[in-house]
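Architecture and fold: a report
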2 protein chains.
Amino acid sequence: MSAFSSPWIRCVALTPPNLKDNTADADRLVAALKKELGADAVDLDLDLLKQLPAILRRCDYRVRCSLFRDRGRWVLTGIDGGDDPRPVAGLAVDLGTTRVVLLLIDLGSGRTLAEHTFDNPQVAVGPDVLARIHHADSPGGLHELNHLIIGGLNRAVGDLCGSAGIGPQDICTVSVAGNTAMTHLFLGLEPRWIIREPYIPVVNRPGVLKAAELGIDVNPFARVLVFPNIGSYFGGDLIAGILFSKLHQRKDPAILVDVGTNAEVVLGNRDWLIGCAGAAGPALEGGVTRMGMLAGPGVVDRVAVDPATRTFDIHTIEEKAPKGICGSGVIDLAAQLFLRGMIDIRGKLVAAACGDRLKVVDGMRHLVVVPAEQSATGKDLTMSQADLDSLIRSKAAMYTILETLTMTVGVSLSQIGTFYVAGTFGCFINPRSAIAIGMLPDLPLARYVPIGNSSLQGAALALTSESASDEIDRIRDRITYFELNVNQDFMNRFSAAKFLPHTDVGRFPSVARLTV
Amino acid sequence: MSAFSSPWIRCVALTPPNLKDNTADADRLVAALKKELGADAVDLDLDLLKQLPAILRRCDYRVRCSLFRDRGRWVLTGIDGGDDPRPVAGLAVDLGTTRVVLLLIDLGSGRTLAEHTFDNPQVAVGPDVLARIHHADSPGGLHELNHLIIGGLNRAVGDLCGSAGIGPQDICTVSVAGNTAMTHLFLGLEPRWIIREPYIPVVNRPGVLKAAELGIDVNPFARVLVFPNIGSYFGGDLIAGILFSKLHQRKDPAILVDVGTNAEVVLGNRDWLIGCAGAAGPALEGGVTRMGMLAGPGVVDRVAVDPATRTFDIHTIEEKAPKGICGSGVIDLAAQLFLRGMIDIRGKLVAAACGDRLKVVDGMRHLVVVPAEQSATGKDLTMSQADLDSLIRSKAAMYTILETLTMTVGVSLSQIGTFYVAGTFGCFINPRSAIAIGMLPDLPLARYVPIGNSSLQGAALALTSESASDEIDRIRDRITYFELNVNQDFMNRFSAAKFLPHTDVGRFPSVARLTV
């Protein structure tokens with residue numbers, strides 16, 4: 001048995017009413033829950049109130065309640081017999097622009113019941129935030145986008161429940177962490193002003209909403225905690241990441257970098273937090289993981305290239321035949337190609353070193369990572385020069401942002417005791433590889449802590465920890481958002497970072513030793 | 001101009017967003033309102049959030065907000081341009097078993113815009129609480145009853161708005177006071193256990209709900225404050241009455257009697273409150289005003305009978321031709337009939353004294369109050385012996401309850417400094433007449449304060465006073481409900497009170513003087 005004790009599930013035995021105590025059903029239950037929880041108030045939905053007399057009498061006044069806390073106020077999200085064998089489940093959602101990841105959790109035990117990922121169906125309308133926001137301006141566009149994501153979530157809930165052997169009505173709490181634009185589309189809120197000066201979201205703190213009101217097919221009384229943002233470019237996904245990493249509780253300054261579609265960085269400790277997100281300016285377009293797919297069976301997550309023979313040692317998840325490559329695999333691969341001389345310091349493929357692995361398709365050079373006969377798709381798994389160029393820009397952006405942010409607060413990169421490296425696409429990035437390409441600074445490896453999809457894990461934490469919702473608000477209120485000013489200084493630093501590992505090789509002594 | 005300043009309407013001018021302050025629209029508004037209100041939190045509905053960006057930009061960030069307070073939390077119930085000429089309205093509802101009375105109030109000025117009354121359409125299903133609760137047990141019965149009252153309210157809202165020249169969407173707050181059963185049917189809650197031992201309502205404190213969720217066609221963001229009850233037989237209508245009378249703020253003990261379908265009494269002061277309602281036992285069936293109609297043009301509200309000639313001096317509301325008689329008219333009439341010897345001490349019609357006014361219809365004696373040729377209906381307006389018998393039982397019940405309740409707390413009736421006399425049917429009861437028939441004790445007239453429909457006025461107070469919602473909760477929590485034990489002692493006292501004014505005439509010296 002797990003020592004986990006859920007703050008959200010309470011079994012209470014009420015004194016059945018009698019002539020000397022004719023308190024109403026609801027008030028009797030609320031009084032018992034207030035005592036049990038030490039709460040000032042417990043709210044019940046009207047529709048639950050309608051069912052209450054029958055439930056209480058059927059269960060002989062011994063009930064299991066699922067609850068959620070919305071700031072100071074508790075709310076009842078489910079009630080059944082005290083000995084009901086069905087689990088009370090929670091759903092954590094990482095609402096990504098490209099992919100959406102869900103975790104189904106047994107709130108009673110804290111155990112993960114199932115995980116599911118799907119491509120954000122809004123991709124059909126537009127691949128990125130900008131395209132979707134423009135689409136939302138067209139007649140019916142916002143409704144369409146909202147409908148797409150809610151529909152996708154509902155299908156995913158069905159799949160998740162099927163594999164966990166529970167019903168959607170068993171899901172009593174949902175938490176959702178996403179960037180500001182995705183969160184707006186999820187809520188059906190006008191995203192128009194997010195991308196127009198002075199970049200104003202409709203809401204910073206959506207708070208706790210009813211699942212039914214959002215159209216999510218779970219228990220009709222379920223509540224949905226939507227992570228807050230601190231602006232158009234610093235979303236709830238990052239707040240969730242901070243919550244999960246516990247950066248905000250540390251004494252010494254630490255950094256959280258999230259290597260997703262954008263380069264996102266938070267620096268701070270328990271006294272101060274500063275964050276920035278690299279969605280500003282053309283230098284940061286594209287993404288590290290544009291070609292990276294989601295973690296899953298057959299996805300390449302680690303790559304090693306033999307220094308002598310240049311033989312590829314490919315590792316796939318569950319060791320299935322390779323079908324694609326995830327974010328961490330891309331960074332690993334680029335690092336190995338560079339260390340083995342197969343790409344040069346500008347990230348260009350070196351024909352002589354690549355040998356047979358180099359192919360030209362439609363005038364574009366490609367490196368064959370897995371030949372067709374070994375891949376699961378029957379086609380070559382390749383990385384194009386364009387993919388590599390994009391990766392170089394992204395890694396340069398990440399490094400430049402780290403450099404700029406630490407300079408701004410007067411902390412040197414070497415003073416950072418811990419680097420949390422998140423990857424929202426579910427792969428654990430190998431810091432050694434990220435250093436090799438100059439994406440992350442050359443610090444002792446022990447300082448790097450890969451934490452996977454911290455947005456998803458933060459959302460999950462909000463489902464299992466009673467204090468999380470207060471913590472989320474405190475984190476949000478404490479963060480200073482650093483507006484990245486893409487000026488000449490920034491561009492100079494960015495240009496210097498577009499080499500492998502950097503124009504100033506002295507900054508990367510450990511890499512210099514390997515490439516000699 | 002009135003000095004009234006609404007606590008619920010606030011005009012705020014927000015600083016428009018700029019690059020140095022990119023707080024979201026909702027959070028910007030909430031921050032301004034929190035400051036304006038000194039509030040900890042202000043909630044916004046999701047659907048209002050969806051409209052917010054357009055509203056703020058259209059109004060150039062100067063807005064008029066209507067708000068309501070739900071215990072510690074404020075909620076935004078409407079927002080428009082700061083110079084909008086439309087009133088923000090509130091709707092007070094006295095939800096009676098027989099009749100429903102509505103008051104439309106301009107929340108900005110506190111002024112009454114219109115009043116409307118309609119017969120509770122549930123009468124079609126059952127005339128009284130008991131019949132309706134039994135009907136609610138039948139398949140679809142509860143839904144039907146709920147549908148009837150909500151439909152009736154919505155039609156009444158349409159009429160009210162028409163006569164006030166506003167739209168239903170201008171109504172941003174509603175308050176509803178009714179007895180426990182009517183409140184349950186209004187909310188769609190199972191009333192089954194209200195009439196079954198140990199008499200348990202579904203809820204004592206329904207709190208503040210959304211109008212849309214209740215199906216009330218007013219502003220979709222409007223909130224509905226539903227008055228709490230303290231049990232199956234002591235409802236929100238009485239709590240509203242206490243709120244309006246301010247009984248709970250007095251230093252000396254006072255009594256509030258509500259002469260409606262039941263005999264309801266509250267005794268207390270700022271330190272203690274005890275209440276009871278006479279719905280227990282067959283002695284209390286029927287009602288003072290069974291034959292009494294609602295106040296309105298042509299309704300007999302005052303009656304005097306000349307001692308010498310026995311000529312009737314009938315007063316009608318707006319002095320129109322008589323069409324019926326309201327509760328206060330019935331009490332006036334009975335008192336006059338008794339004082340002029342036209343009914344005896346048992347309330348029986350005295351043939352010799354009634355003369356031509358006595359008619360026998362279907363074997364039942366009737367007293368002609370207004371002959372056919374003078375009435376608005378073209379028919380005799382009469383009071384039957386059965387009506388009089390019923391009145392005698394009701395007045396006896398009222399007196400016995402007053403006697404029992406004061407005895408229980410050790411206060412004599414003569415120690416009561418103030419008697420508030422409410423009449424939920426809208427007529428002002430003449431205490432002199434109520435004393436003459438022995439319904440109320442024989443105290444100096446100055447101690448009696450007729451307060452009309454105190455339930456409706458209490459509901460109205462909840463719309464205009466910021467502190468009312470807290471006060472309502474405090475009143476509810478402070479009341480001790482006195483369960484009327486209809487035992488032999490009670491029945492003995494009741495039998496003694498079934499004479500005019502009482503078996504013990506010495507208790508009514510002022511009446512004895514008049515009847516000598």
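The model shown is predicted, which means the values in this text are computed figures rather than measured ones.

1. Some thoughts on the relation of the copies chain A and chain B
- Relative to chain B, chain A is turned by 180 degrees and slid 0.1 Å along the rotation axis, the superposed coordinates differing by an RMSD of 0.1 Å. Here the symmetry operator amounts to a two-fold rotation axis.
- Taken together, the interface assignments show that 100% of the residues at the interface of chain A recur at the interface of chain B, consistent with an identical surface on both copies.

2. Remarks on the packing of aromatic side chains
Residue and element names in this part refer to chain B.
- The full count for this structure, using the stated rule, is twelve aromatic pairs over all chains.
- For the ring pair Y399 and F508, a centre distance of 5.7 Å and an interplane angle of 50 degrees mean the geometry is tilted. You can see Y399 sitting in helix 10 (residues 385-409) and its partner F508 sitting in the loop between helix 14 (488-496) and helix 15 (509-515), a full 109 residues away along the chain.
- The buried category is assigned to F508, whose relative accessible area is 0%.

3. Structural notes on the environment of C276 of chain A
Residue and element names in this part refer to chain A.
- Residue placement: C276 occurs in strand 13 (residues 273-277).
- As for C276 and Y481, which are separated by 205 residues in sequence, their C-alpha atoms are 5.9 Å apart.
- In this view, C276 contacts F234, A263, E264, V265, I401, L405, Y481, F482 and L484; residues no more than four positions away in its chain are not counted.

4. Re the sheet that holds strand 17 (residues 358-361) of chain B
Residues and elements named next belong to chain B.
- Spatial ordering of the open sheet is given by 17-18-19, a layout of three strands whose pairing is antiparallel. Whereas interior strands pair on both sides, the edge strands pair on one side only; in this sheet they are strand 17 and strand 19 (381-384). Within this sheet the neighbouring strands show an average axis-to-axis angle of 45 degrees, counted without direction.
- Across four bridges, the pairing between strand 17 and strand 18 (residues 364-370) is antiparallel. Its bridge partner lying in strand 18, K359 is registered against H366.
- Lying over the sheet, helix 10 contacts strand 18 and strand 19, oriented at roughly 55 degrees with respect to strand 19.

5. Section: the interface of chain A and chain B
- In this complex, chain A contributes 35 residues to the contact, which on the side of chain B involves 35 residues.
- Looking at the side of chain A facing chain B, the largest losses of area belong to N22, L46 and R73 of chain A, adding up to 18% of the total buried there.
- Across the salt bridge formed by D70 of chain B and R73 of chain A, the nearest N and O atoms sit 3.4 Å from each other.
- There are 14 residue pairs in polar contact (both at pLDDT 80 or more) connecting chain A and chain B.
- Among the secondary structure elements, those contributing two or more residues to the side of chain A that touches chain B are helix 1 (25-37), helix 2 (46-58), strand 9 (207-210) and helix 6 (211-214) of chain A.

6. Notes on the packing of helix 1 (residues 25-37) of chain B against helix 2 (residues 46-58) of chain B
Residues and elements named next belong to chain B.
- Relative to each other, helix 1 and helix 2 sit at 75 degrees, their axes nearing to 9 Å. Regarding the angle of helix 1 to helix 2, the classification is roughly perpendicular. Only L49, L52, P53, L56 and R57 of helix 2 make contact with helix 1, whose side of the interface consists of D25, A26 and L29.
- A class-by-class count of the residues in the contact of helix 1 with helix 2 yields six nonpolar, no polar and two charged.

7. Examining the packing of helix 3 (residues 129-136) of chain A against helix 4 (residues 141-164) of chain A
All names here are of chain A.
- In the contact formed by helix 3 and helix 4, the axes pass within 6 Å of each other and the chain directions differ by 130 degrees. Considering their axes alone, helix 3 and helix 4 lie oblique with respect to each other. The segment helix 3 lies against helix 4, with R132, H135 and A136 engaging G141, L142, E144 and L145.

8. Observations regarding helix 8 (residues 327-339) of chain B
Residues and elements named next belong to chain B.
- In this model, helix 8 (13 residues) spans 19 Å end to end at C-alpha, consistent with the 18 Å of a helix rising 1.5 Å per residue.
- Of all 13 residues that make up helix 8, 13 are buried, and the element is covered over most of its length.
- Downstream of helix 8 by one or two residues, G341 has phi in the positive range, about 75 degrees.

What counts, and where the lines are drawn
- Residues numbered from 1 in each chain as written.
- Chains lettered and ligands numbered in written order.
- Predicted model: local features only at pLDDT ≥ 70, side-chain atom pairs only at ≥ 80, totals over all residues.
- Heavy atoms only, no water.
- Least-squares fit on C-alpha atoms with pLDDT ≥ 70 in both.
- Contact = heavy atoms within 4.5 Å.
- Phe/Tyr/Trp six-rings, centres within 6.5 Å; stacked < 30°, edge-to-face > 60°.
- Helix = DSSP H or I, 4+ residues; strand = E, 2+ residues; numbered from the N terminus.
- Buried < 20%, exposed > 50% of the residue type's maximum accessible area, 1.4 Å probe, protein only.
- Pairing = 2+ DSSP bridges.
- Axes fitted to C-alpha atoms, helices over the stretch in contact; angles between N-to-C directions.
- Buried area = accessible area lost by both parts, 1.4 Å probe.
- Salt bridge = Lys/Arg side-chain N within 4 Å of Asp/Glu carboxyl O.
- Polar contact = N/O pair within 3.5 Å; in protein donor to acceptor, adjacent residues only side chain to side chain.
- Parallel < 35°, antiparallel > 145°, perpendicular 65-115°, else oblique.
- Nonpolar A, V, L, I, M, F, W, Y, C, P; charged D, E, K, R; others polar.
- Expected span 1.5 Å × (residues − 1).

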